[in-house]
Amino acid sequence: MPSIKLETKIHANIEVCFDLCRSIDLHKISTEHTNEEAVAGVVAGLIDLGETVTWRAKHLGIYQRLTSVITEFDRPVLFADELVKGAFKHFRHVHHFKQDGEITIMRDTFDYQSPLSIFGKLADKLFLKKYMTRLLEKRNHTIKQFAENGKWREVVNIAKRYQ
């Protein structure tokens, strides 16, 4: 099963980074290039333990729907989301946060299993793992930008309206 591990250092408070990472609104911003849209479950604001979100997005030229649920939640150090329904056979995305002085270290572990057995494994080697890594890196870059330049207040303020 492929696994993607990323580490992002952010000059911001751990709580800000944690909330930005679970913000539906920021996720939409970070994935504008895929026309990603929350269409069911939590569609705006901050997602919490046991809640689901269904995303509709265009990935690799195909519109898809992916539904995930928050299965672990320990604010502000960890949360995990797992696939409930979608194109993957399985995925689990664990988000770890650690405060180190004025820096938050955000670690992602994204484990997934492609559908279509041998063809899925071939797709992983040829392009899928690289595609998923870039998608996660772009998302983390957006989180870092919003956390470090103060724009997080716009997203968190929007998020608080839905709680």
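For the structure, see preceding data.
Just so you know, the residues in each chain are numbered from 1, in the order the chain's sequence is written. Reporting in this predicted model follows two pLDDT cut-offs: at least 70 for local features of residues, and 80 or more for side-chain atom pairs to be given and counted; totals over whole chains, interfaces and linings ignore these cut-offs and use all residues. Note that the side-chain values use all heavy atoms of the structure and ignore hydrogens as well as water.

Novice: Explanation requested: the overall build of the chain in the structure shown.
Specialist: When helices and strands are tallied, the chain shows 4 helices and 7 strands. To qualify as a helix, a DSSP run of H or I must reach at least 4 residues; to qualify as a strand, a run of E must reach at least 2; elements of each kind are numbered from the N terminus. Of the regular secondary structure in the chain, the N- to C-terminal order runs β-α-α-β-β-β-β-β-β-α-α. Sequence-distant contacts in the chain: of pairs separated by 6 or more residues, those separated by 24 or more amount to 50%. Accessible surface area values rest on a Shrake-Rupley calculation with a 1.4 Å probe, where residue burial reflects the displayed protein chains alone. With the model as given, the accessible surface of the chain reaches about 8900 Å², and the carbon-plus-sulfur share is 53%. Only heavy atoms enter the contact rule, under which two residues are in contact if any of them lie within 4.5 Å.

Novice: Help me understand the environment of Arg139, please; the structure alone is not making it clear to me.
Specialist: Within the secondary structure, Arg139 is located in helix α3 (residues 117-149). Setting aside chain neighbours within four positions, we find Arg139 in contact with Cys21, His27 and Ser30.

Novice: Just checking my understanding: could you explain the nonpolar core for this structure?
Specialist: One recurring pattern in soluble globular proteins: nonpolar side chains tend to sit buried together. Core analysis: the largest hydrophobic core is formed by 23 residues, its most contacted members being Ile10, Leu20, Ile24, Phe97, Ile143 and Ala147. Those elements that place two or more of their residues in this core are α1 (14-21), α2 (24-30), β3 (52-59) and α3. In terms of residue count, the dominant contributor to this core is α1 (6 residues). If we ignore the near neighbours within four places in the chain, the residues touching Leu20 are Leu26, Ile143, Phe146, Ala147, Trp152 and Val155. Residues enter a nonpolar core if they are buried and are Ala, Val, Leu, Ile, Met, Phe, Trp, Tyr or Cys, with the set joined through side-chain atoms within 4.5 Å. Any residue under 20% of the maximum accessible area for its type is buried, any over 50% is exposed, and the rest in between are partly exposed; the area is computed with a 1.4 Å probe on protein chains only. Counting 12 residues, the second largest nonpolar core, distinct from the first, contains Leu6, Leu128, Met132 and Leu136.

Novice: Explain the state of the cysteines to me, please; I cannot follow it from the model alone.
Specialist: Put plainly, a disulfide is one covalent bond tying together the sulfur atoms of two cysteines. Whenever a pair of cysteine sulfur atoms sits within 2.5 Å, that pair is classed as a disulfide. Following the criterion strictly, the structure yields 0 disulfides and no others. With no disulfide of its own, Cys17 lies closest to Cys21 among cysteine sulfurs, the gap being 8.9 Å.

Novice: Is there a simple way to explain the pattern of salt bridges in this structure?
Specialist: Pairing is possible between side chains of opposite charge, provided their charged atoms come close. By definition, a salt bridge exists where a carboxyl oxygen of Asp or Glu is found within 4 Å of a side-chain nitrogen of Lys or Arg. All told, the structure shown has 7 salt bridges when counted by the stated rule. Between Arg22 and Asp19 there is a salt bridge, with its nearest N and O atoms 2.9 Å apart. Across the pair, Asp19 and Arg22 agree in class, each one buried. Here Glu148 and Lys144 are joined by a salt bridge, their closest N and O atoms 2.9 Å apart. Of the two residues, Glu148 and Lys144 both sit in helix α3, 4 residues apart, roughly one turn of that helix.

Novice: Can you help me understand unusual backbone geometry in this one?
Specialist: Most of the time, phi is negative for any residue but glycine, and the peptide bond is trans. For the bond running from Arg75 to Pro76, omega is 0 degrees, close enough to zero to count as cis. Counting through the fold element by element, Pro76 comes out in the loop between β4 (62-74) and β5 (78-85). Backbone geometry at Asn35 places phi at a positive 55 degrees, although glycine is not the residue there. By secondary structure assignment, the location of Asn35 is in the loop between α2 and β2 (37-41).

Such coordinate-based values are descriptive only and should not be taken to indicate function.
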